[in-house]
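# Summary of structural features
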Amino acid sequence: MDFLKKNDTKVECQNQITIRIASMSIYLLGFFLAMFLCNCVHLLLRPLSQPRIIAESIVGLLLSNLEFVRNRFLNDNEVQQTLNYIVDAIMVCHMFVVGLEIDPNIFLQLTLPEAKVAYSGVLTTFVFACLVTPLLHISKQPNAVFSSCLAIVLAGTDSPLLTRLITDLKIGKSDIGRFIVEAGIQSDVVSILLITIGFLVFDPDRNFQNRSVKTMLKMMAILVFQTLLASKVVPSVMKWVNNENPEGKPMKGSHLVVALAFIISICSMSPIVGFSKVLSAFLVGLFMPREGRISKMMIGKVNYIFRTIFYPLFFFWVGTEAKLSEFEAGKIATWAKIVVPFLIATGGKVLGSVVSGLMLGFHWPESVATGLLLNIKGHFQVYLAINAYRMNIISMSTSIVLVFVTFLTIIYTPVVVAKIIERARKRSPTQKMALQWLNSTNELRILVCIRSSQNVFSAINFMEISRGPANPGIMVYLTDMIELTDKIAATLTQGRGVEVGAGVGVDAVTVTDPAVVEMREKITKDVHAYLSEDCEGINLQRMMALSTINNMHQDITILAEDLLVHLVILPFHKNQEEDGRLHVGHSGFRHINRKVLRNAPCSVGILVDRGLGKTVISRSSISLNAAVIFIGGKDDREALVYAGRVARHPGVKLTVIRFLVEAAGDSVSSRVGRAKSNTTEHLEEMKIDDECFAEFYDKHVAGGRVAYVEKYLVNSGQTFSTLRSLEGQYGLFIVGRGGRVNSVLTVGMSDWEECPELGPIGDILSASDFSVTASVLIIQQHSLKGELDGLHDEFSIM
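From a predicted model like this one, the values you see are computed outputs, not experimental measurements.

Attention shifts here to helix α8 (residues 175–201). Relative to the 39 Å expected for 27 residues at 1.5 Å per residue, α8 spans 40 Å between its end C-alpha atoms, a close match to the ideal helical length. Of all 27 residues in α8, 20 are buried; the element is thus mostly enclosed.

In structure tokens:
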């Protein structure tokens, strides 16, 4: 009998093992089927540009709510419990990596525009939600603390999902894309930290009753201990592992296990005293070092595994907890609980972004788009909604409602991004607004910016030497750059601009500040005096760029775009002192110049005035010796084309100096230079350079109007010494900013540039120890940011 019993027990165990293996095989088969279905649904949704998370949620919710699946698999408590453990582990890892990707120094950046937009959106959404959500009776037992927690959740942003969507939708490299990602991180951090503080003070397991002081102290102590370990001890362990496993070599398994075990042990401390392991993992990740192989590997590998495996499983778990059969679709209150929270979250974010955007000088369409994208919720918010039901705080129907609200904040994302791209495409020029492509029968349009009356005479002389033939002539928009301070803002009134010459500039506002009025009147007087002598071929309008330093570049670029100008001339941020040297200057105007160079819809020139404004340019005799330096590249070609206009002026003696690579050189640097010059790109550029220079030579040099000098050089050292030898010979240098391809004659010069916005040649000629009498005009040729059939990834719209 005992023998038979043993055999029966053995057979039963074998049967149980067989059943378990079969069950596991079915589970794996079902999981791979779910993965396949996710891919199929994602392909179907691709024409709508919907992100993968939507496909994962559709498949997970529908698959787990099939009657067959529920009856066959999900009624098993062990299976459900195992699934709960897996999802909890997923969220712990997810929140740990979220914290690990965020720099804790973010708390020191509260004055940044991104932080202002993020926090204003969080604040307005929180206030709206606190006022309205209690009326919806979302919780089973109405509770002010729960309403506040729900308001924080609605005010938050899922920054990992936002970053992924922004990248996938191809605006991650744009200015608005980078701005939204940074603001999303700020919003995410503050909302999670507020939830953490709320969990410390209130117990969600007991209807959000206040925790005892003793319990709070225990939790705070363990969190402080965790934070200290993460920020002080973990870096030492990481450094040891990194030193033992340098880049390029396989990482030792034992070291990896030790590092991961140490991190896991830190994360697992807080649950001992009842604190949330998910929130604890976020705090540990936040204060851990992000440098080194371990951190990079965890971020990369964990994110990859989550996207491919765990996120579909996560939404399958959501479907097991959220039984769609219990969704109370027949009640109006159910739909109100979907629509109202969605409107609160969306309206709060948009209002906060628009208000802060107006204060920061952003365009309102971009502010609205920012608010809509910062409203994105994701995995963490879904996890909280499901857990609220598991803790019996809300009903299952309400839990499903909150999950649907999360999906609504994601679905419209492609539409918003499409509108951003559409608006950017409209604002991007579809033709190159540059001198090189200007038809000789068309009028040259120039926007000349001046900061003060000190720049007037250099601007006048620039107009004089640029005027060219009277037909078709030039159109000059003389623009005063006025910094908008609180004092000046108090003097603004609606009114017309100042009429000068043949044009009338209409400003949106008039500044009545005495200092500004005096400056503008002096400029007007000096310009009138110049035009009264001989204004043939010159049409002039007075404009005003009135803005804060941070937004001045936007005013200039918008003016340039609206007026369809070919060239913007900016004054150098340094002014010449009495001894002839250039003083430190205004750093704010330097930043303006840099931003205009980056975003202008046309060519840009920076004028370094060291005597051009003091020169009396005659039209009857030579009064200015000028030189254009040509090495090659698009900016040098643009400078050469502009020099062709200067060459027509009877009072200017122009010399074109071409720097060529010494062909017979046998030094190492010369051989390297020739090797670099053999690339296809460089050969094509050289061909374009030769064609452009040949055209200039035939027009101006061959007839004797322009002098021509060739300099054969070997390397950038000889370029530097040659430029130095030109000191005192010319009163104006015209040079290209850069745009050269593999030029051995300028390589390495950027390493010691004082002002990179001037380019290597312009920086040398503008140096304080070069000359006190030679002015320099540095020109950058316009490059299309937008195309007729698309848009470049790195577009600017803000």
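So much for the structure itself; the text now carries on.
In terms of burial, strand β4 (residues 474–483) is a largely internal element, nine of the 10 residues being buried. Where strand β3 (residues 444–450) lies against β4, seven bridges are found, and the strand directions are parallel. By the bridge assignment for β4, L447 is matched with Y477. What joins β3 to β4 is helix α18 (residues 456–466), and the crossover it makes is right-handed. Relative to strand β9 (residues 538–547), β4 is paired through 10 bridges, and the arrangement is parallel. Across the sheet, I482 pairs through a bridge with L546, a residue of β9.

In this section: empty space enclosed by the protein. Applying the stated criterion across every chain yields a total of two cavities of 30 Å³ or more. Of the volumes computed, that of the largest cavity is approximately 40 Å³. Looking at the largest cavity, the residues that line it are H94, M95, V98, T157, D158, P160, D188, I192, F380 and Q381. The set of elements that each furnish at least two residues to the lining of the largest cavity consists of α4 (77–100), α8 and α15 (379–390). If you tally residues by element for the lining of the largest cavity, the top one is α4, at three residues. Residues belonging to the lining of the largest cavity are distributed by class as follows: five nonpolar, three polar and two charged. Taken together, H94, V97, V98, E101, P160, N303 and Y311 form the lining of the second largest cavity. Put simply, the parts of the chain that give the lining of the second largest cavity at least two residues each are α4 and α12 (293–321). Here the lining of the second largest cavity takes three residues from α4, the largest share from any one element. Of the residues belonging to the lining of the second largest cavity, the class tally is four nonpolar, two polar and one charged.

Glancing now at the pattern of salt bridges. Going through the model one piece at a time under the given rule, you end up with 16 salt bridges. A salt bridge links R520 to D480; the shortest N-O distance between them is 2.6 Å. Of this pair, R520 sits in helix α20 (residues 514–533) while D480 is found in strand β4, placing the two residues 40 residues apart along the sequence. Note that D480 and R542 form a salt bridge whose closest N and O atoms lie 2.7 Å from each other. Residue D480 is found in strand β4, and its partner R542 is found in strand β9; the two are separated by 62 residues along the sequence. The buried category is assigned to D480, whose relative accessible area is 0%. The network of salt bridges with common partners includes E464, R467 and R619.

Attention now moves to the packing of aromatic side chains. Evaluation of the coordinates by the stated rule reveals 12 aromatic pairs. Between Y730 and F733, the aromatic rings sit 5.7 Å apart at their centres with planes inclined by 70°, giving edge-to-face as the arrangement. On the basis of relative accessible area, Y730 is assigned to the buried category, the value being 13%. The exposure class of F733 is buried, given its relative accessible area of 0%. Aromatic pair F733 and F770: ring centres 6.1 Å apart, planes at 65°, arrangement edge-to-face. Highlighted residues: F733 in strand β15 (residues 732–736) and F770 in the loop between α27 (759–765) and β16 (775–780), separated in sequence by 37 residues. Each of the two residues, F733 as well as F770, counts as buried. Put simply, the rings of F630, F693, F696, Y697 and Y708 touch in pairs and so form one group of aromatic residues. Against the face of F199 rests R211, its NZ or CZ located 4.8 Å from the ring centre. Over the ring of F589 we find R451; its NZ or CZ atom is 5.0 Å from the centre of that ring.

Parameters and conventions
- Residues numbered from 1 in each chain as written.
- Predicted model: local features only at pLDDT ≥ 70, side-chain atom pairs only at ≥ 80, totals over all residues.
- Heavy atoms only, no water.
- Helix = DSSP H or I, 4+ residues; strand = E, 2+ residues; numbered from the N terminus.
- Expected span 1.5 Å × (residues − 1).
- Buried < 20%, exposed > 50% of the residue type's maximum accessible area, 1.4 Å probe, protein only.
- Pairing = 2+ DSSP bridges.
- Right-handed = clockwise from strand over helix to strand, strands pointing away.
- 1 Å grid on protein atoms, 1.4 Å probe; cavity = no way out; pocket = protein on both sides within 12 Å on 5 of 7 lines; lining within 4 Å.
- Points joined across faces, edges and corners; volume = space filled by probe spheres on them.
- Nonpolar A, V, L, I, M, F, W, Y, C, P; charged D, E, K, R; others polar.
- Salt bridge = Lys/Arg side-chain N within 4 Å of Asp/Glu carboxyl O.
- Phe/Tyr/Trp six-rings, centres within 6.5 Å; stacked < 30°, edge-to-face > 60°.
- Lys NZ or Arg CZ within 6 Å of the ring centre and 35° of its normal.

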